[in-house]
Amino acid sequence: MIQCPGGCLTLYDWGSNTASRTKFWSGEELRCYLEGRINRIQSIVVTHHHFDHYGLLSRTFPSNKVELTGLRNIYVSCSLKKKSSLETWVNAIRKTFKDAKLKNNKLMLPNVQPIKRKGKPNSVAGQPCGPNDHPCQTLEICPEKDEVGVTVLAANMGGCDKTPNADSIVTKLTFGDLSILLSGDFEGVGPQAMVTHYKDDNTKPLETKVYHVAHHGASSQANKEDWLKLISPEAVVSSGDPWYQYRHPRCKMIKRLLQMDPVSLCEPEGKDDKTKCPDGTSKQSSYTCGNEKNIVPSTSTIDNNKYAIYTTTPGEQKMNLIHVTSTNDEGGWKITYENMDQIKNKEADDKDKTPDGEGED
Ligand SMILES: [Zn+2]
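Quick caveat, the model's predicted, so the values are computed rather than measured.

## Observations regarding the sheet that holds strand 8 (residues 178-182)
Piece 1. Spatially, the 5 strands line up as an open sheet ordered 6-7-8-9-10, and their pairing is mixed. In this open sheet, the two strands that pair with only one neighbour each are strand 6 (148-154) and strand 10 (235-237). Ignoring strand direction, the axes of neighbouring strands in this sheet form an average angle of 15°.
Piece 2. Sheet topology places strand 7 (residues 170-175) next to strand 8; 5 bridges connect them, and they run antiparallel.

## Some words on the sheet that holds strand 5 (residues 111-114)
Piece 1. Strands sit in the order 1-2-3-4-5 across an open sheet of 5 strands; the sheet is mixed. Here the strands that pair on one side only, and so sit at the sheet edges, are strand 1 (2-3) and strand 5.
Piece 2. The pairing of strand 2 (residues 9-12) with strand 3 (residues 41-46) spans 4 bridges and is classified as parallel. When the sheet's bridge partners are listed, tyrosine 12 is paired in strand 3 with valine 45.

## Describing helix 4 (residues 189-198)
Piece 1. Looking at helix 4, one finds that the buried residues are Gly190, Pro191 and Met194. Taken down its axis, helix 4 places every buried residue within 85° of arc, on the same side.
Piece 2. Buried residues belonging to helix 4 abut strand 6 and helix 5 (225-231).

## Here we look at the environment of glycine 130
Piece 1. Relative to the helices and strands, glycine 130 is located in the loop between strand 5 and strand 6.
Piece 2. Placed 67 residues apart in sequence, glycine 130 and histidine 197 show a C-alpha to C-alpha distance of 9.7 Å.

## Some points on the environment of glycine 159
Piece 1. By the element assignment, glycine 159 lies in the loop between strand 6 and strand 7.
Piece 2. Considering only alpha carbons, one finds glycine 159 and glutamine 127, 32 residues apart in sequence, at a separation of 7.1 Å.

## Notes on the nonpolar core
Generally speaking, soluble globular proteins have nonpolar side chains that are buried together.
Piece 1. The biggest cluster of nonpolar side chains holds 59 residues, and the ones touching the most others in it are Tyr75, Val152 and Ala154.
Piece 2. Aside from chain neighbours lying at most four places away, what touches alanine 154 is Cys129, Gly130, Pro131, Cys136, Val170, Gly190 and Met194.

Parameters at a glance
Residues numbered from 1 in each chain as written. Predicted model: local features only at pLDDT ≥ 70, side-chain atom pairs only at ≥ 80, totals over all residues. Pairing = 2+ DSSP bridges. Helix = DSSP H or I, 4+ residues; strand = E, 2+ residues; numbered from the N terminus. Axes fitted to C-alpha atoms, helices over the stretch in contact; angles between N-to-C directions. Buried ≥ 20, exposed ≤ 12 C-beta atoms within 10 Å, placed from the backbone. Arc of directions from axis to C-beta. Contact = placed C-beta atoms within 7 Å. Core = buried A, V, L, I, M, F, W, Y, C linked by C-beta atoms within 7 Å.

Spatial relationships are all this shows, so hold off on functional conclusions.
Take a look at the structure:
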């Protein structure tokens, strides 16, 4: 979820259907989390037409309710895929809105926006844009504040036919010194074209402080060395789950990051996760990764560690919240884990302790 300085929200690749994956966040949990803020959701971005990037929308927001009253745009690559559950949900939401609009004519109907080429009124949905001298239209995700820069670097690069991952909308957000690259499941021909186009570009349009790794941290088609080198991230966020069949993020991908300069992370060595770094110091990394056959887990959970790669599943079968907060003093980021079981226990505890009549939380 992206929150703009003015408060409006964007749901970015809202996740998979959790019916069969109970350890993932459920629609109800997310509704709880969003309580009081649902009407601030203005945009939904679905980077490409794969179920794990939109399946949770219908579970979080039932289509027969008029509650996404602030929703203006649903951005998709290519065009809404016919007969997909995304199309079904979008059509149902729009129908509910249309019916409610008869009573409340202030209600606006959310638009479906396939990413097209910029500034071309007759531009057709599905044409590739980005590194081919056809810039892409932008995403209007922070309309009330223009200090957030939003550039769509690529979309529809897979030709909108057989390779939805390569069609992913690739977006760079900038806010002051901070830049974030969001690339969905971008891989294969897409990043190849970007690398060819930008490898000698001194303005470094791909260079980014925070990289939300493509394709959940895949390694064979995505996150190749030359692509990572152009991004040169200071921090990396992966939305994978190494215990799921695809075993993302892959150890191979993390190894590439570890070997990259200037990221200069040091690898854990031995059981106590101590590391030997080129500068002679001992630093610690904290990450969990998967390879083709098994998982290489790490149990270390260390705060204030500039040399860590944190992933969303620090322990097997445990749900964890990861808090990412900016530290104004250091101009950096602080990341802490909180185990969901601990939170639930804490909530139950707090409830018991609240004296009658004084509970305001
Ligand atoms: Zn995916």
